[in-house]
Amino acid sequence: QVQLVESGGGLVQAGGSLRLACAASGRVFVITGMGWYRRAPGKQREVVAGITRGGITNYTDSVKGRFIISRDNVKNTVYLQMNSLKPEDTAVYYCNTNPVPLEAFWGQGTQVTVSS
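The present account deals with the structure reproduced in this document. (Residues numbered from 1 in each chain as written. Predicted model: local features only at pLDDT ≥ 70, side-chain atom pairs only at ≥ 80, totals over all residues. Heavy atoms only, no water.)

With that settled, consider the overall build of the protein. When its secondary structure is counted, the protein shows 1 helix and 10 strands. Starting at the N terminus and walking to the C terminus, you meet the elements of the protein as β-β-β-α-β-β-β-β-β-β-β. Relative to a compact globule of 116 residues, whose C-alpha radius of gyration would be 13 Å, the protein shows 13 Å and is just as compact. Counting every position in the protein, which comprises 116 residues, the buried fraction comes to 45%. Counted over contacts in the protein with a minimum sequence separation of 6, partners at least 24 positions apart contribute 55%. Total accessible area on the protein is roughly 6,200 Å²; 51% of this is exposed by carbon and sulfur atoms. (Helix = DSSP H or I, 4+ residues; strand = E, 2+ residues; numbered from the N terminus. Rg over C-alpha atoms; globule rule 2.2 N^0.38 Å. Buried < 20%, exposed > 50% of the residue type's maximum accessible area, 1.4 Å probe, protein only. Contact = heavy atoms within 4.5 Å. Areas by Shrake-Rupley, 256 points an atom, 1.4 Å probe, with all protein chains shown as cover.)

This brings us to the state of the cysteines. All told, the structure shown has 1 disulfide when counted by the stated rule. Disulfide partner of C22: C95, at an S-S distance of 1.8 Å. Sign of the S-S torsion, about 50° for the bond between C22 and C95, identifies this disulfide as right-handed. Of this pair, C22 sits in strand β3 (residues 18-25) while C95 sits in strand β9 (residues 91-97), and the two are 73 residues apart along the sequence. A single burial state applies to C22 and to C95, both of which are buried. (Disulfide = S-S within 2.5 Å.)

Residues in a regular strand point their side chains to alternate faces of the sheet. Counting buried positions along strand β4 (residues 34-39) gives 5 out of 6 residues, so the element sits mostly inside the fold. Note: β4 against strand β5 (residues 46-51), 5 bridges, orientation antiparallel. Paired with G35 across the two strands is G50, which belongs to β5. Between β4 and β5, which pair antiparallel and follow one another directly, the connecting turn spans 6 residues, one of which, G42, has a positive phi of 75°. As defined by bridge partners, β4 adjoins β9 across 6 bridges and the pair is classed as antiparallel. (Pairing = 2+ DSSP bridges.)

Moving on, we get to the packing of aromatic side chains. Enumeration according to the criterion identifies 2 aromatic pairs in this entry. Aromatic pair Y37 and W106: ring centres 5.2 Å apart, planes at 80°, arrangement edge-to-face. You can see Y37 sitting in strand β4 and its partner W106 sitting in the loop between β9 and β10 (110-115), a full 69 residues away along the chain. The rings of Y37, Y94 and W106 are connected pair by pair, giving a single aromatic cluster. A cation over an aromatic ring shows up here: R19 above the ring of Y79, its NZ or CZ 4.0 Å from the ring centre. One residue, R45, lies across the ring of W106, its end atom 3.5 Å from the ring centre. (Phe/Tyr/Trp six-rings, centres within 6.5 Å; stacked < 30°, edge-to-face > 60°. Lys NZ or Arg CZ within 6 Å of the ring centre and 35° of its normal.)

Structural data, given as structure tokens:
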């Protein structure tokens, strides 16, 4: 059974950085694209960034130039380096398959809070 466990969230001041990690168990990681998603208070979950099995990346416009997604296929881990954080980046961040997230793979997420 596949499990995705997110970590690395926390409280940071505006302009700061955080690095999120998502450790995946099971073989799904190496055969599919992965992505980071977030749900801000009172808003629907949205995709933040995606990375294909071969390493091609894409980002939602609001994080382009600030966030970097990467993956380590040996460690079955996907990362999200978040720089120049803004209060509007405050959300619970999740990883899942991409471009189509699978309901069964949603984990607990990791909370990111950016203070102004």
